[in-house]
Amino acid sequence: MKQLHILVLNGPNLNLLGTREPGHYGAETLADINQKLISLADNLGVELTTLQSNHEGELVEHIQKAGEDGIDAILINPAAYTHTSVAIRDALLATCIPFVEVHLSNIHKREEFRHRSLLVDAAVGTVAGFGPSSYTMALHGIIAHLQHKQGE
Ligand code: CA2
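Remember, predicted model here, so these are calculated numbers, not experimental data. Starting afresh in each chain, residues are numbered from 1 along the sequence in its written order. Local features in this predicted model are restricted to residues of pLDDT 70 or higher, and side-chain atom pairs are both shown and tallied only at a pLDDT of 80 or more, whereas totals for entire chains, interfaces and linings draw on every residue. For side-chain calculations, the full set of non-hydrogen atoms in the structure is used, while hydrogens and water are omitted.

In this structure, what is going on with the pairing of strand β1 (residues 5-10)? I would like to understand it.
When a strand is regular, its side chains alternate between the sheet's two faces. Burial analysis of β1 places six of its six residues in the buried class, the great majority of the element. Along β1, one buried face is formed by His5, Leu7 and Leu9 and the opposite face, lined by Ile6, Val8 and Asn10, is buried too. In this scheme, strands are said to pair when DSSP sees at least two bridges between them. Only runs of H or I of at least four residues qualify as helices and only runs of E of at least two qualify as strands under DSSP, and these elements are numbered from the N terminus. In this sheet, strand β2 (residues 47-52) lies alongside β1 in parallel orientation, the contact comprising six bridges. Considered in β2, the bridge of isoleucine 6 is made with leucine 48. Relative to strand β3 (residues 73-77), β1 runs parallel, the two being bridged by five bridges. Residue leucine 9 lies in a different strand from β3, and its bridge partner there is isoleucine 76. Each residue's exposure class comes from its accessible area (1.4 Å probe, protein chains only) as a fraction of the maximum for that residue type: buried when under 20%, exposed when over 50%, partly exposed otherwise.

Would you mind going over the layout of surface pockets with me for this structure?
Rolled over the atoms, a probe with the dimensions of a water molecule shows which regions are left empty. Think of a 1 Å grid over just the protein atoms. A cavity is a set of points where a 1.4 Å probe fits yet cannot get out, a pocket is an open set with protein on both sides within 12 Å along at least five of seven lines, and lining residues have an atom within 4 Å of a point. Grid points are joined across faces, edges and corners, and a volume is the space filled by probe spheres set on the points. Approximately 400 Å³ is the volume attributed to the largest pocket. Around the largest pocket, the lining comprises 19 residues; the ones closest to its centre are Pro12, Asn13, Leu14, Tyr25 and Ala79. Basically, the charged four are Asp, Glu, Lys and Arg, the nonpolar ten are Ala, Val, Leu, Ile, Met, Phe, Trp, Tyr, Cys and Pro, and anything else, Gly included, counts as polar. By residue class, the composition of the lining of the largest pocket is nine nonpolar, six polar and four charged.

For this particular structure, what's the right way to read the site of the ligand?
As a structural note, the neighbourhood of the ligand is formed by 17 residues, with Asn77, His83, Leu104, Ser105 and Arg114 the closest of them. Interatomic distance of 2.8 Å between a side-chain N/O atom of asparagine 77 and an oxygen atom of the ligand. Between N or O atoms, a polar contact is any pair within 3.5 Å; within protein, one atom must be a potential hydrogen donor and the other a potential acceptor, and residues adjacent in sequence are included only when both atoms are from side chains. One of the backbone nitrogen or oxygen atoms of leucine 104 is found 2.7 Å away from an oxygen atom of the ligand. Accessible surface area values rest on a Shrake-Rupley calculation with a 1.4 Å probe, where residue burial reflects the displayed protein chains alone. If the ligand stood free it would expose 510 Å²; the protein chains cover 94% of that surface. Pocket occupancy is defined atom-wise: a molecule lies in a cavity or pocket when more than half of its atoms are within 2 Å of its grid points. Placement of the ligand is best described as lying within the largest pocket. Its residues assigned to classes, the shell around the ligand comprises nine nonpolar, five polar and three charged. By convention in this text, a residue qualifies as near a molecule or strand provided that one of its non-hydrogen atoms is within 4 Å of it.

Can you walk me through helix α3 (residues 56-69) in this structure?
A turn of α-helix holds 3.6 residues, and therefore any two residues three or four places apart point the same way. Here α3 contains 14 residues, and its C-alpha end-to-end distance of 20 Å stays within 8% of the 20 Å for a straight helix at 1.5 Å per residue. Here α3 has its buried residues at Leu59, Val60, Ile63 and Ala66. When α3 is viewed along its axis, its buried side chains cluster within an angular range of 115° and face the same direction. Those residues of α3 that are exposed and aimed more than 90 degrees away from the buried face are Glu61 and Glu68. By the convention used here, residues are in contact when the closest approach between their heavy atoms is within 4.5 Å. Where α3 is buried, its residues meet β1, β3 and α4 (86-95). Once α3 ends, the next one or two residues include glycine 70, with phi positive near 75°. Multiplying one less than the number of residues by 1.5 Å gives the expected span of a helix. Here, the arc refers to the directions that run from the helix axis to the C-beta atoms.

What is the right way to read the sheet that holds β1 from this model?
Consider a sheet: its strands pair through backbone hydrogen bonds, and that pairing is either parallel or antiparallel. The strand order across the open sheet formed by five strands is β2-β1-β3-β4-β5, and the pairing between neighbours is parallel. This sheet does not close on itself; its edge strands, each paired only once, are β2 and β5 (125-128). Looking at each pair of strands side by side, their axes are set apart by 20° on average, direction ignored. Docked against the sheet, α3 engages β1, β2 and β3, running at close to 175° with respect to β1. Axis lines are fitted through C-alpha atoms, for helices just across the contact stretch, and the angle between N-to-C directions can take any value from 0 to 180 degrees.

So yeah, pure geometry; function would need other evidence.
Below you can see the structure in the form of structure tokens.
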């Protein structure tokens, strides 16, 4: 069976993790989070690529390229674009790649404008509120989902 290849995509300002607002986003840097995810993926026999961009169009291009490259699933924390980006939604729907929406914080416990996600109804699932563990939970979840589908 072909090795699964999963893309982890992070949106704007997440490159600042660990430097500011530890109350909302914790003390770990994005490099720490990515490193842990890569080693977890390694243990699970899955290939993992991590990317971050502060630009909406660049995120769209990464999603389009994931479609061309045969990526099996995307874990995406679109950050502020969660609440605004029709372009990211359209790109995800166009590629038909199953994806999980990931958030460090529980967006439903925060300001009202963060309660709305433009991706939630198209995602396989959402994990929010567990800090960096949101990503590891999402990784376990999407692998189980893909393996279940492979076995169908
Ligand atoms: O909780 C999440 O993961 C969010 O996607 C984070 C976004 C926010 O706009 C979403 O509503 C929820 C913000 C990312 C900004 O990250 C920073 C990290 C350190 C310092 C400042 C911002």
